[in-house]
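Below are the chains, spelled out letter by letter.
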Amino acid sequence: MKLFRIGFPPALITALRLLLGALFMMSGGEKLLDLKYFALVIAEYQILPSLLIPAVALFVSLCELLCGTMLLLDLFSRISSSIMLCMMAIFIASITNNLMRGLEHDCGCMEFLSQWYGLKEEIGIGPIVRDILFVILLLPVALLGSNRIPWKKNPT
Amino acid sequence: MPCIVSGKPLRRILVALVLLLSCFSPAASQLHAAPSVTLVKEESGEIDLSAAKALFDRHSACFVDARSEYAYYNSHIKGAWSLSESRFAEQFPEFRNKKPIETLIVVYCIGPGCSKARHVADKLKKNGYRNVRVFSGGLIEWSHAGFPIEG
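Residues numbered from 1 in each chain as written. Chains lettered and ligands numbered in written order. Predicted model: local features only at pLDDT ≥ 70, side-chain atom pairs only at ≥ 80, totals over all residues.

Peer 1: Would you explain the nonpolar core in this entry?
Peer 2: Ranked by internal contacts, the top residues of the largest apolar core, which has 25 residues, are V64, I105, V106, V107 and Y108 of chain B. Sorting the residues of this core by element identifies α4 (49–58), β2 (62–65), β5 (105–108), α7 (116–126), β6 (132–135) and α8 (138–144) of chain B as the ones contributing at least two each. (Core = buried A, V, L, I, M, F, W, Y, C linked by C-beta atoms within 7 Å. Buried ≥ 20, exposed ≤ 12 C-beta atoms within 10 Å, placed from the backbone. Helix = DSSP H or I, 4+ residues; strand = E, 2+ residues; numbered from the N terminus.)

Set out below in structure tokens:
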């Protein structure tokens, strides 16, 4: 762990935390702004029962927004990044599952990125590789980031 | 023309007849070619842009969008229903309750290369709807023509 810590100096952890926090906050905010669209994309995955889809859409959007905000503010960074790690694992599994079933539909991942780059964000190898990259970037924050609790004083 | 020079009137008449017949044959004549294409299209239940627009203007058909629900949510032909190929089973019961079996239905998807409209049309026919047409031009042709869309 000590060697791992040397490889990831605090400045790098902070940079990763800020980058990932901003990305997840934007992604969650965008989904919350058009929750119906996101729910329809989740429906297209054909994994969840129809009744659960609106609740899951709200939960995922809120999770991304809250975890992103907490990463940016460095509040419970380790917990936030761990939650995002779990979500990334679920996203990778869902996309892989649908690719194996031969389905073609929007990814519903980071629409704003695809709008900036003019790419149509469909499920495929691209989103899987990107989510794996997020996992790699989230791991150091989950392992070495701070777990500061704002209302508790740090022991000096 | 060797036949004219040689003065063989029978051969000349035969050549003239063949040329005349070829002008009026369905394979060579444009006058005959157009109706045969239309006939093939009608038999397969396909309609073109002008026919779709005529049905739209008369409010005599129910338009059905065969694309995914999120694509329908973004934009669709004004007043169209969503019956996506992927979630047909979930969406169909509500459609069945609202639209009688004799309703004329026009199914479309994104454009000519898209097979979803044909698949949804087949599913509708299997569920008892006999009056089903496919607008093969799809949303691309419709929106390029400047016809009403919403979403």
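Peer 1: Can you walk me through unusual backbone geometry in this structure?
Peer 2: For residues that are not glycine, phi is negative in most cases, and the peptide bond is trans in most cases. In this structure, Q46 of chain A is a non-glycine residue whose phi angle is positive, near 55°. Classification of Q46 of chain A by C-beta neighbours within 10 Å gives partly exposed; the count is 14. With a phi angle near 55°, H59 of chain B is a residue other than glycine that sits in the positive phi range. By the secondary structure assignment, H59 of chain B is in the loop between α4 and β2.

Peer 1: Help me understand the interface of chain B and chain A, please; the structure alone is not making it clear to me.
Peer 2: You'll often see interface size given as the accessible area lost when the parts meet. The interface is formed by seven residues belonging to chain B together with ten residues belonging to chain A. Per element, the largest residue contribution to the side of chain B that touches chain A is three residues, and it comes from helix α5 (residues 69–74) of chain B. Tallied by class, residues from the side of chain B that touches chain A come to two nonpolar, two polar and three charged. (Contact = placed C-beta atoms within 7 Å. Nonpolar A, V, L, I, M, F, W, Y, C, P; charged D, E, K, R; others polar.)

Peer 1: Got a minute to help me understand the environment of A22 of chain A in this structure?
Peer 2: Residues and elements named next belong to chain A. Tracing the chain through its elements places A22 in helix α2 (residues 10–33). For A22, a count of 14 C-beta atoms within 10 Å translates into the label partly exposed. Separated by 76 residues in sequence, A22 and N98 place their C-alpha atoms 28 Å apart. Beyond its immediate stretch of four places on either side in the chain, A22 contacts G68 and L72.

Peer 1: In this structure, what is going on with the sheet that holds strand β1 (residues 46–47) of chain B? I would like to understand it.
Peer 2: Think of a sheet as strands paired side by side through backbone hydrogen bonds, with each pair either parallel or antiparallel. Residue and element names in this part refer to chain B. The strand order β1-β6-β5-β2-β4 describes an open sheet built from five strands, whose pairing is parallel. Of all the strands in the sheet, just β1 and β4 (81–82) have a single pairing partner and so form its edges. Examined bridge by bridge, β5 and β6 share three bridges and lie parallel to one another. Within β6, the residue paired with V106 across the bridge is R133. Sheet contacts for α7: β2, β5 and β6; angle to β6, the most-contacted strand, approximately 175°. (Pairing = 2+ DSSP bridges. Axes fitted to C-alpha atoms, helices over the stretch in contact; angles between N-to-C directions.)

Peer 1: Explain the packing of α2 of chain A against helix α7 (residues 125–144) of chain A here, please?
Peer 2: A packed helix pair is summarised by two numbers, namely the angle formed by the two axes and the spacing between the axes. All names here are of chain A. Contact pair α2 / α7: the axes reach a minimum separation of 9 Å and the direction vectors enclose 120°. Comparing the axis directions of α2 and α7 gives the class oblique. The chirality of how α2 crosses α7 is left-handed. Contact with α2, carried on its side by I13, L16, R17 and L20, involves L137, L138, P140, V141 and L144 of α7 and no other residues of that element. (Parallel < 35°, antiparallel > 145°, perpendicular 65-115°, else oblique. Left-handed = near helix turned anticlockwise from the far one by under 90°.)

Peer 1: Could you clarify how one ought to interpret the pairing of β5 of chain B in this entry?
Peer 2: Side-chain positions along a regular strand alternate between the two faces of the sheet. All names here are of chain B. With burial as the criterion, each face of β5 is covered, one bearing I105 and V107 and the other bearing V106 and Y108. Across four bridges, the pairing between β2 and β5 is parallel. Its bridge partner being in β5, V64 is matched across the sheet by V107. After leaving β5, the chain enters α7 and then returns to the sheet as β6, a path that is right-handed. (Right-handed = clockwise from strand over helix to strand, strands pointing away.)

Peer 1: How should the pairing of β6 of chain B be read in this particular structure?
Peer 2: Residues and elements named next belong to chain B. In β6, alternate side chains face the same way, and those of V132 and V134 on one face and R133 and F135 on the other are all buried. Here β1 runs beside β6; their pairing, made up of two bridges, is parallel. Bridging from a neighbouring strand, I47 pairs with F135 of β6.

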